[in-house]
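Geometric and topological summary
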Amino acid sequence: MNEINKLKIFNDPIYGFITIPNALIYDLIQHPYFQRLRRISQMGLSYLVYPGANHTRFHHALGCMHLMQKAVETLRFKGISISPEEENALFIAILLHDIGHGPFSHAMESSIVEDVHHEAISLLFMQQLNVKFEGQLSLAIQIFKGDYHRKFMLQLISSQLDMDRMDYLKRDSFYSGVAEGNVNSERLIQMMNVVDDVLVIEEKGIYSVEKFLMSRRLMYWQVYLHKTSLVAELILTKVLKRAKELTEKGVILPCSEPLLFFMQHKITMETFYSETLDLFSQLDDFDIISALKSWQKQDDFILSSLSKMIINRDLLKIKLSEEKVSTEELHVLKERFAAQNNISLTEAGYFIFKGKIKNQAYSKVAEPIRILKKDKTIEDVVEASDQLNLKSLSKFVTKYYLCFPKQLA
């Protein structure tokens with residue numbers, strides 16, 4: 001095959017043209033594992049709130065690779081040596097960093113598989129691809145796992161100011177129409193440098209970092225933790241939990257083969273074999289949506305009611321508050337609903353439940369965002385900034401929620 005044909009360009013609504021740097025990257029993008037990301041929505045069920053938020057993980061992965069190309073270019077310009085092998089490994093690692101996401105992104109991590117996080121599945125996919133591509137991903141895997149001696153390379157992929165966050169904030173803000181999330185990724189990348197193998201931001205970029213952290217906070221509360229997307233995701237988790245419970249009791253539910261496999265088996269990290277990975281690679285949003293459409297007609301009151309809620313966007317009511325929800329209040333609601341629908345209190349728990357969400361825009365415990373000052377000293381952004389609100393951004397904000405059917409309101 002003519003190699004020239006592989007150096008294609010994508011037209012991206014945010015950055016304009018994104019170029020594929022070489023034939024290996026082209027082949028990785030062409031692989032069915034990666035093409036699956038076209039069928040995984042980037043923002044889960046957020047499109048129930050923001051109708052434009054229909055973009056996919058495929059979009060996002062390409063955007064991250066584009067930003068990584070810019071970052072490598074900037075760092076080389078500033079005299080940081082990055083070999084062609086390291087450059088390629090960075091492109092591969094960022095391109096594949098999200099390849100392990102399940103349908104609707106996060107809802108699956110606690111329902112279809114037992115606490116197997118997408119990062120762990122991404123690594124399994126990378127290792128599988130490394131076998132197929134005869135070891136060409138080895139360095140990318142080493143960097144992704146944090147085993148490579150040049151620490152800043154992992155920071156470009158996974159840190160509090162990485163290519164992943166820069167792309168998803170900008171992209172999610174664009175597609176949801178929430179302008180507050182629009183970060184200046186170009187400027188942030190231009191301000192990057194490396195000192196003693198650690199990523200730093202030059203002092204004149206401090207305002208861009210402050211804006212980035214503020215944008216992240218606003219996007220979390222306005223978009224990612226928006227109460228409607230939150231309740232939709234919680235309902236989806238409950239639907240899958242119920243479907244799994246019924247399957248275990250021997251009820252045959254109509255759904256795709258890969259989904260049925262995860263319904264019938266308890267999958268943990270220990271049992272995630274290559275056959276499991278192969279079946280996981282066949283799962284996407286469409287399996288879930290088509291299952292929900294079928295399950296609306298099931299005899300089981302819980303499964304059909306919850307499935308209808310998502311399909312028709314007629315969700316449970318959710319109340320957020322600063323105070324914890326009392327067990328008593330929960331019990332009263334459950335008793336009322338159980339009596340009305342002739343179901344047990346345990347079953348009523350599928351419709352009435354409480355929990356908490358918390359968010360922290362900047363963590364002081366994790367790897368800090370380091371500012372390189374003019375006198376060559378390095379400071380944590382919280383100390384270097386004259387913005388008082390940055391200190392408050394590193395505090396955890398916790399909100400408590402209570403979900404219940406609208407007729408009980």
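Our structure's up above, just so we're on the same page.
A look at the overall build of the protein chain
A count of helices and strands for the protein chain gives 19 helices and nine strands. At 23 Å, the protein chain has a C-alpha radius of gyration in line with the 22 Å of a compact globule built from 409 residues. If you line up the protein chain on its principal axes, its C-alpha atoms span 70 × 55 × 35 Å. Residues classed as buried in the protein chain amount to 56% of the 409 residues present. A total of about 18500 Å² of accessible surface is found on the protein chain, and carbon and sulfur atoms cover 52% of it. Of the charged side chains in the protein chain, 49 are positive and 50 negative; the average position of the first set lies 5 Å away from that of the second.

Quick look at the environment of Tyr168
Within the secondary structure, Tyr168 is located in helix α8 (residues 163–176). Overall, the relative accessible area of 11% leaves Tyr168 in the buried class. Residues Tyr168 and Cys64, spaced 104 residues apart in sequence, show a C-alpha to C-alpha distance of 8.3 Å. The residues contacting Tyr168, other than those within four sequence positions of it, are Gln42, His60, Ser173, Arg216, Tyr220 and Tyr224.

Considerations on unusual backbone geometry
Positive phi, normally seen in glycine, also occurs at Glu134, with a value near 50°. For Glu134, the position within the fold is in the loop between α5 (118–132) and α6 (138–145). When its relative accessible area of 73% is taken as the criterion, Glu134 is described as exposed. In this structure, Asp196 takes a positive phi of about 50° despite not being glycine. By the element assignment, Asp196 lies in the loop between β3 (192–195) and β4 (198–202).

Structural notes on the packing of α8 against helix α10 (residues 206–224)
Across the interface, α8 lies against α10 with an axial gap of 11 Å and an inter-helix angle of 50°. In this view, α8 runs oblique relative to α10, as classed from their interaxial angle. Once α8 is placed against α10, the crossing between them reads as left-handed. Taking contact as the criterion, the partners of Arg165, Met166, Tyr168, Leu169, Asp172, Ser173 and Ser176 in α8 are, on α10, Phe212, Ser215, Arg216, Met219, Tyr220, Val223 and Tyr224. Its residues assigned to classes, the contact of α8 with α10 comprises eight nonpolar, three polar and three charged.

Thoughts on the sheet that holds β4
Strand order in the open sheet formed by four strands is β3-β4-β7-β8, and the pairing between neighbours is mixed. Two strands in the sheet have a free side with no partner beyond their single neighbour: β3 and β8 (378–380). Neighbour-to-neighbour, the strand axes of this sheet turn through a mean angle of 45°, independent of strand direction. Bridging between β4 and strand β7 (residues 370–372) involves two bridges; their strand directions are parallel. Across the sheet, Ile201 pairs through a bridge with Ile371, a residue of β7.

A closer look at the nonpolar core
Within the largest apolar cluster, 139 residues are counted, with the highest numbers of intra-cluster contacts made by Leu156, Met163, Trp295, Phe351 and Val381. Not counting chain neighbours up to four residues away, the residues in contact with Leu156 comprise Met68, Ala71, Leu75, Leu90, Ile94, Asp162, Met163, Met192 and Leu199.

Here we look at empty space enclosed by the protein
The gaps left among the atoms become clear once a water-sized probe is rolled over them. The full count for this structure, using the stated rule, is one cavity of 30 Å³ or more. Each pocket or cavity is described by its volume, and for the largest cavity that value is around 100 Å³. Lining the largest cavity we find Gln155, Ser159, Gln160, Leu161, Leu199, Val200, Ile201, Glu367, Pro368, Ile369 and Arg370. Ranked by residue count, the leading element in the lining of the largest cavity is β4, at three residues. By residue class, the composition of the lining of the largest cavity is six nonpolar, three polar and two charged.

Considering the environment of Ile235
Tracing the chain through its elements places Ile235 in helix α11 (residues 227–248). Using a relative accessible area of 0% as the deciding quantity, one classes Ile235 as buried. Taking C-alpha positions, Ile235 is 6.6 Å from Leu306, a pair spaced 71 residues apart along the chain. Each residue touching Ile235, except ones within four places of it in the same chain, is listed here: Leu306, Met309, Ile310, Leu315 and Leu316.

A closer look at the pattern of salt bridges
One side chain can pair with another of opposite charge once the charged atoms of both are near each other. Taken as a whole and judged by the stated rule, the model has 18 salt bridges. For the salt bridge of Asp12 with Arg171, the shortest nitrogen-to-oxygen distance reads 3.0 Å. Note that Asp12 is positioned in strand β1 (residues 9–12) and Arg171 in helix α8, a separation of 159 residues in sequence. The same class applies to Asp12 as to Arg171, namely buried. With a shortest N-O distance of 3.2 Å, Arg76 and Glu87 are connected by a salt bridge. With Arg76 in helix α3 (residues 57–77) and Glu87 in helix α4 (residues 84–95), this residue pair connects regions lying eleven residues apart in the sequence. One salt-bridge network, held together by shared partners, links Arg242, Glu245, Asp300 and Glu347.

Considerations on a positive patch on the surface
Positive charge collects at one region of the surface, where Lys324, Lys354, Lys356 and Lys358 lie side by side. Of note, Lys358 is situated in strand β6 (residues 353–359).

What to know about the pairing of strand β2 (residues 16–19)
For β1 and β2, the ladder comprises four bridges, and the chain directions are antiparallel. Note on β2: the bridge partner recorded for Asp12 is Gly16.

Conventions we followed
- For every chain, the first residue of the written sequence is number 1, and numbering continues from 1 along that sequence.
- In view of the model being predicted, local features appear only for residues whose pLDDT reaches at least 70, and side-chain atom pairs are presented and counted only at 80 or more, with totals across whole chains, interfaces and linings using the full set of residues.
- Water and hydrogen atoms play no part in the side-chain values, which are based on all heavy atoms of the structure.
- Only runs of H or I of at least four residues qualify as helices and only runs of E of at least two qualify as strands under DSSP, and these elements are numbered from the N terminus.
- Computation of the radius of gyration draws on C-alpha atoms alone. For the globule rule, the value is 2.2 Å times the number of residues to the power 0.38.
- Under the scheme applied here, a residue whose accessible area is under 20% of the maximum for its type counts as buried, over 50% as exposed, and between as partly exposed, the area being computed with a 1.4 Å probe on protein chains only.
- Per-residue and other accessible areas follow the Shrake-Rupley method at a 1.4 Å probe size, with only the shown protein chains counted as cover for residues.
- Charged residues are defined narrowly, with Lys and Arg counted positive, Asp and Glu counted negative, and His plus the chain ends left uncounted.
- To locate a charge, the coordinates of NZ of Lys, CZ of Arg, CG of Asp or CD of Glu are taken.
- Here a residue-residue contact requires only that any non-hydrogen atoms of the pair lie within 4.5 Å.
- Think of each axis as a best-fit line through the C-alpha atoms, taken over the contacting stretch in the case of a helix, with angles from 0 to 180 degrees between the N-to-C directions.
- For this classification, under 35 degrees means roughly parallel, over 145 means roughly antiparallel, 65 to 115 means roughly perpendicular, and everything else is oblique.
- Crossings are classed by handedness, with left-handed meaning an anticlockwise turn of the near helix from the far one by less than a right angle and right-handed meaning a clockwise turn.
- When residues are sorted by character, Ala, Val, Leu, Ile, Met, Phe, Trp, Tyr, Cys and Pro go into the nonpolar class, Asp, Glu, Lys and Arg into the charged class, and all the rest, Gly among them, into the polar class.
- Here the rule is simple: two strands pair whenever DSSP picks up at least two bridges between them.
- Only buried residues count toward a nonpolar core, which is a set of Ala, Val, Leu, Ile, Met, Phe, Trp, Tyr and Cys residues joined through side-chain atoms within 4.5 Å.
- Using protein atoms alone on a 1 Å grid, points that fit a 1.4 Å probe yet trap it form a cavity, whereas open point sets bounded by protein on both sides within 12 Å along at least five of seven lines form a pocket; residues with an atom within 4 Å of a point count as lining.
- Grid points are joined across faces, edges and corners, and a volume is the space filled by probe spheres set on the points.
- Put simply, a salt bridge is a Lys or Arg side-chain nitrogen that is within 4 Å of an Asp or Glu carboxyl oxygen.
- In this scheme, patches are assembled from residues that exceed 30% relative accessible area and form no salt bridge. Like charges are connected within 9 Å, while nonpolar side chains (Val, Leu, Ile, Met, Phe, Trp, Tyr) are connected within 5 Å.

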